[in-house]
Amino acid sequence: TCQVVHDSAVYSLLYSQTAILEGADTNLHILFSSITHNLQYCEGTGNTNWTCQQIDYVGSGNGQDETDLIEGTDGNLHIVHEDNITNHLRYCEGTSDANWVCKAIGTSTDVGSYPTILEGADTNLHITHYDDSTNDLRYCYGNWDDNFTCQTIESQNDVGQMGYLIEATAGNLIISYRGNTGLDLRYCVEDNTAPTTGWDGNVSWQNVDANVHLNC
């Protein structure tokens, strides 16, 4: 069965990617950006009982307002999205009762496209996104209190669009994404056995806190 969550006459889905999850409360939680490029959040039961609110501003550029969300072990929702005015990666944390806080976590020249987020077994948030200015795949980790550390994972040709991030049962991160230059499917796997210093080549990286690498 299908239904209208919110009237598009008010919140038109212009240049908008949606994201959805079912929370521990069994409610559905949906994100999208409006025609005025505000990040909107809707919560409901899957019937007709939906409530929607604005939680952040995503800018009025020509980007596609990509976004992603998870529910953390702290019971809060954690959201990443791009801001098309500042071209920054932004992060929001809050609950369905309108208690939201948002900030920029990636402020390089033009970052934040195709963001994806997960909470790791280490309770840190792990985020990947695409840098439109350098055509690189980038990674950020951290949390609201301790802030985020961001770095480039792969910079070979044009890579990093349409990424998706998981944590494997072995505890390492795995990222799949598009190589735009050759139109190929690529992935990076975290190497927990990597040395604590140095680099494993041009497209490997080191998490300076956890002393781990991704091999690409």
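Residues numbered from 1 in each chain as written. Predicted model: local features only at pLDDT ≥ 70, side-chain atom pairs only at ≥ 80, totals over all residues. Heavy atoms only, no water.

Colleague: Explain the state of the cysteines to me, please; I cannot follow it from the model alone.
Modeller: Where two cysteines share a covalent bond between their sulfur atoms, that bond is called a disulfide. Evaluated as defined, the whole model comprises 3 disulfides. Note that Cys-92 is cross-linked by a disulfide to Cys-102, the S-S spacing being 2.2 Å. Taking the sign of the torsion about the S-S bond as the criterion, the disulfide between Cys-92 and Cys-102, at about 115°, is right-handed. Pair noted here: Cys-92 is in strand β7 (residues 88-94) and Cys-102 is in strand β8 (residues 100-106), with a separation of 10 residues, a long-range link. Judged by its relative accessible area of 0%, Cys-92 is buried. You can call Cys-102 partly exposed: its relative accessible area is 23%. One disulfide in the model links Cys-140 with Cys-150; its S-S distance is 2.1 Å. Every disulfide takes its handedness from the sign of the S-S torsion; for Cys-140 and Cys-150 that torsion is 110°, giving right-handed. Note that Cys-140 is positioned in strand β11 (residues 136-143) and Cys-150 in strand β12 (residues 147-154), a separation of 10 residues in sequence. (Disulfide = S-S within 2.5 Å. Helix = DSSP H or I, 4+ residues; strand = E, 2+ residues; numbered from the N terminus. Buried < 20%, exposed > 50% of the residue type's maximum accessible area, 1.4 Å probe, protein only.)

Colleague: Looking at this structure, how should I read the sheet that holds strand β3 (residues 38-44)?
Modeller: Two orientations exist for strands paired in a sheet by backbone hydrogen bonds: parallel and antiparallel. Spatially, the 4 strands line up as an open sheet ordered β1-β2-β3-β4, and their pairing is antiparallel. Both outer strands of the open sheet, β1 (19-22) and β4 (50-57), are each paired with one neighbouring strand and no more. Neighbour to neighbour, the strand axes of the sheet diverge by 20° on average, direction disregarded. Both strand β2 (residues 28-33) and β3 contribute to a ladder of 6 bridges, which runs antiparallel. Residue pairing for β3: Leu-31 is matched across the bridge by Tyr-41. (Pairing = 2+ DSSP bridges. Axes fitted to C-alpha atoms, helices over the stretch in contact; angles between N-to-C directions.)

Colleague: Before we go on, may I ask you to explain the packing of aromatic side chains in this structure?
Modeller: By convention here, two paired aromatic rings are described through the distance between centres and the angle between planes. Tallying each qualifying case throughout the model produces 4 aromatic pairs. Where Tyr-41 meets Trp-100, the ring centres are 5.3 Å apart and the plane angle is 65°; that geometry is what we call edge-to-face. Placement of Tyr-41 in strand β3 and of Trp-100 in strand β8 is noted, with a sequence separation of 59 residues between them. Both rings, one in Tyr-139 and one in Tyr-141, keep their centres 5.7 Å apart while their planes meet at 20°; by these two values the pair is stacked. Taken individually, Tyr-139 and Tyr-141 each receive the classification buried, so the pair is uniform in this respect. (Phe/Tyr/Trp six-rings, centres within 6.5 Å; stacked < 30°, edge-to-face > 60°.)

Colleague: Looking at this model, I keep getting lost on unusual backbone geometry. Mind explaining?
Modeller: A negative phi angle characterises most non-glycine residues, just as the trans form characterises most peptide bonds. With a phi close to 70°, Thr-26 is a non-glycine residue in the positive phi region. Even without being glycine, Thr-123 reaches a positive phi, approximately 70°. Topologically, Thr-123 is positioned in the loop between β9 (111-119) and β10 (125-131).

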